[in-house]
Amino acid sequence: MASITKDIKDSLKEKKIVLGTRGVIRSSKQGVLKMIVISSNVPEKVRRDLERYATLSQTELQSFPGNSIELAQLCRKPFKILTVGIKK
């Protein structure tokens, strides 16, 4: 978890982050992501879609141990975040 947290914080500072499922899927299709982070409470259908797109674009997929509220707090956002993409 420490490395995922550090990666997210670093990418926030560098402004190399994509928030939200739609944005992450779009960026994954374009091949601009190096990692996709999903929260522990993401719906199963969304998880399968993200796993498929991560495989197709050869992107690393990591599970965040906390829920969407904890992921949003890490990203300093006042709304829930299910998925985060870290750009190359």
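Residues numbered from 1 in each chain as written. Predicted model: local features only at pLDDT ≥ 70, side-chain atom pairs only at ≥ 80, totals over all residues. Heavy atoms only, no water.

Draft legend 1. Representation of the pattern of salt bridges in the model. Under the definition given, this model contains 2 salt bridges. In this structure, lysine 6 and aspartate 10 form a salt bridge, with 2.8 Å as the shortest nitrogen-oxygen distance. With a gap of 4 residues between them, lysine 6 and aspartate 10 both fall in helix H1 (residues 2-14), about one helical turn apart. A residue is classified by how much of its surface remains accessible, and aspartate 10, at 27% relative accessible area, is partly exposed. A salt bridge links aspartate 49 to lysine 45, with the shortest nitrogen-to-oxygen separation between them at 3.3 Å. Taken as a pair, aspartate 49 and lysine 45 lie in helix H3 (residues 44-56) at a separation of 4 residues, close to a single helical turn. The class of aspartate 49 is partly exposed, set by a relative accessible area of 21%. (Salt bridge = Lys/Arg side-chain N within 4 Å of Asp/Glu carboxyl O. Helix = DSSP H or I, 4+ residues; strand = E, 2+ residues; numbered from the N terminus. Buried < 20%, exposed > 50% of the residue type's maximum accessible area, 1.4 Å probe, protein only.)

Draft legend 2. Summary view of H3. Here H3 contains 13 residues, and its C-alpha end-to-end distance of 18 Å stays within 8% of the 18 Å for a straight helix at 1.5 Å per residue. Of the residues making up H3, those classed as buried are Arg47, Leu50, Tyr53 and Ala54. For H3, the angular spread of buried residues about the axis comes to 135 degrees, placing them on one side. Along H3, the residues that are exposed and aim more than 90 degrees away from the buried face are Lys45, Thr55 and Leu56. Taken together, the buried residues of H3 touch helix H2 (21-30), strand S2 (33-38), strand S3 (60-63) and strand S4 (83-87). Note on H3: the residue one or two positions beyond its end, glutamine 58, has a positive phi of about 55 degrees. (Expected span 1.5 Å × (residues − 1). Arc of directions from axis to C-beta. Contact = heavy atoms within 4.5 Å.)

Draft legend 3. Local environment of the pairing of S2. Burial runs high along S2: 5 of the 6 residues are buried. The pairing of S2 with S4 spans 5 bridges and is classified as antiparallel. Paired with isoleucine 36 across the two strands is glycine 85, which belongs to S4. By the bridge criterion, 4 bridges tie S2 to S3 in an arrangement that is parallel. Bridge pairing in S3 places isoleucine 36 opposite leucine 61. In this region the chain leaves S2, passes through H3 and returns to the parallel neighbour S3; the handedness of that crossover is right-handed. (Pairing = 2+ DSSP bridges. Right-handed = clockwise from strand over helix to strand, strands pointing away.)

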